[in-house]
Amino acid sequence: MITVRGSAPVADVIASLTRDVADFPLPGIQFKDLTPLFANRAAMSAVIDALADVASGADLVAGIESRGSLVAAAIAARLGTGVLSIRKSGKLPPPVLSEDYDMEYGSDTLEIPADSLELRGRSVVLVDDVLATGGTIGAASRLLRRAGATVTAAAVVVELTALGGREAIAPLPVHSLCQF
Ligand code: AMP
């Protein structure tokens, strides 16, 4: 069992509790499995503290299904703000707004409710577990902007810098806690 010391920099804590899985879900993909990180009480608390600092002041924290939503809900609870889960296609009842996108290992569609949320003029921080090519956060950001929200920043636990996600979603500011 790995013990997380309270004084360890959060990037070191994340790196020590991230499991690299080769060739998952496709050959050639190095999957960053954050399950051990999320299951560790001290590490999860440190991650949520750091991301809550980034999201502080936002009207709403929006997380991308499914791991991003898990993190976003914890941040929203810490800040006392609302949370929105941006869903994969087919999970929400109609009417929905949809955006198709390409990501590191495939293509998918993200959706939010079309008219049951009052997003116009609200500031939103987008949350996900991993930033790879930026396709996912880019699509989520387009969806929220179509609904009238102002997306102020993206906050992620892990950034895979070689995949250029930060550049792909510029000028949206990106805050990542740990870079590989
Ligand atoms: P991308 O759109 O390419 O930035 O991919 C980011 C999304 O896909 C996030 O929701 C991640 O959960 C997932 N993802 C992409 N690549 C990886 C990876 N190497 N390890 C873990 N998750 C990944």
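Residues numbered from 1 in each chain as written. Predicted model: local features only at pLDDT ≥ 70, side-chain atom pairs only at ≥ 80, totals over all residues. Heavy atoms only, no water.

Caption draft 1: Quick peek at the overall build of the protein chain. The helix and strand tally for the protein chain stands at six helices and nine strands. Over its C-alpha atoms the protein chain spans a radius of gyration of 16 Å, differing by no more than 12% from the 16 Å that the globule rule assigns to 180 residues. On the principal axes, the C-alpha backbone points of the protein chain span a range of 45 × 40 × 30 Å. Within the span of the protein chain, comprising 180 residues, buried residues form 48% of the whole. For the protein chain, long-range pairs separated by at least 24 residues make up 57% of all intrachain contacts whose partners lie at least 6 apart in sequence. With the model as given, the accessible surface of the protein chain reaches about 8,600 Å², and the carbon-plus-sulfur share is 52%. Positive and negative charge centroids in the protein chain, built from 15 and 20 side chains respectively, lie 4 Å apart. (Helix = DSSP H or I, 4+ residues; strand = E, 2+ residues; numbered from the N terminus. Rg over C-alpha atoms; globule rule 2.2 N^0.38 Å. Buried < 20%, exposed > 50% of the residue type's maximum accessible area, 1.4 Å probe, protein only. Contact = heavy atoms within 4.5 Å. Areas by Shrake-Rupley, 256 points an atom, 1.4 Å probe, with all protein chains shown as cover. Lys, Arg positive; Asp, Glu negative; His and termini not counted. Charge placed at Lys NZ, Arg CZ, Asp CG, Glu CD.)

Caption draft 2: Representation of the UniProt feature "domain: Phosphoribosyltransferase" (unreviewed entry) in the protein chain. The residues that UniProt annotates with the feature "domain: Phosphoribosyltransferase" (unreviewed entry) are residues 40-158. For residues 40-158, the end-to-end C-alpha separation is 16 Å, with 34% helix and 39% strand making up the annotated structure. (UniProt positions renumbered as here; feature names shortened; annotations may be inferred.)

Caption draft 3: Geometry of the packing of aromatic side chains. If you walk through the whole model with that rule in mind, you get two aromatic pairs. On the numbers, 6.4 Å between centres and 50° between planes, the contact of phenylalanine 31 with tyrosine 105 is tilted. On the criterion of sequence distance, the pair formed by phenylalanine 31 in strand β2 (residues 30-33) and tyrosine 105 in the loop between β5 (96-103) and β6 (106-113) is long-range, its members being 74 residues apart. We classify phenylalanine 31 as buried; its relative accessible area is 11%. The exposure class assigned to tyrosine 105 is partly exposed, which follows from its relative accessible area of 25%. Joined through ring pairs, the aromatic side chains of Phe24, Phe31 and Tyr105 make up one cluster. The ring of phenylalanine 180 has lysine 32 sitting right over it, with the charged end atom 3.8 Å from the ring centre. (Phe/Tyr/Trp six-rings, centres within 6.5 Å; stacked < 30°, edge-to-face > 60°. Lys NZ or Arg CZ within 6 Å of the ring centre and 35° of its normal.)

Caption draft 4: Broad picture of the nonpolar core. In this structure, Leu37 and Ile75 are the most contacted members of the largest nonpolar core, which totals 30 residues. When contributions to this core are tallied by element, the ones reaching two or more residues are α1 (10-16), α2 (35-39), α3 (41-55), α4 (67-79), β7 (123-131), β8 (150-159) and β9 (174-179). Among the elements that line this core, the one with the most residues is α3, at eight residues. With sequence-adjacent residues up to four places away left out, isoleucine 75 is seen in contact with Ile48, Leu51, Ala52, Ala55, Val61 and Val127. Among the nonpolar cores identified, the runner-up in size contains 26 residues, and Leu110, Ile137, Ala154 and Ile169 belong to it. (Core = buried A, V, L, I, M, F, W, Y, C linked by side-chain atoms within 4.5 Å.)

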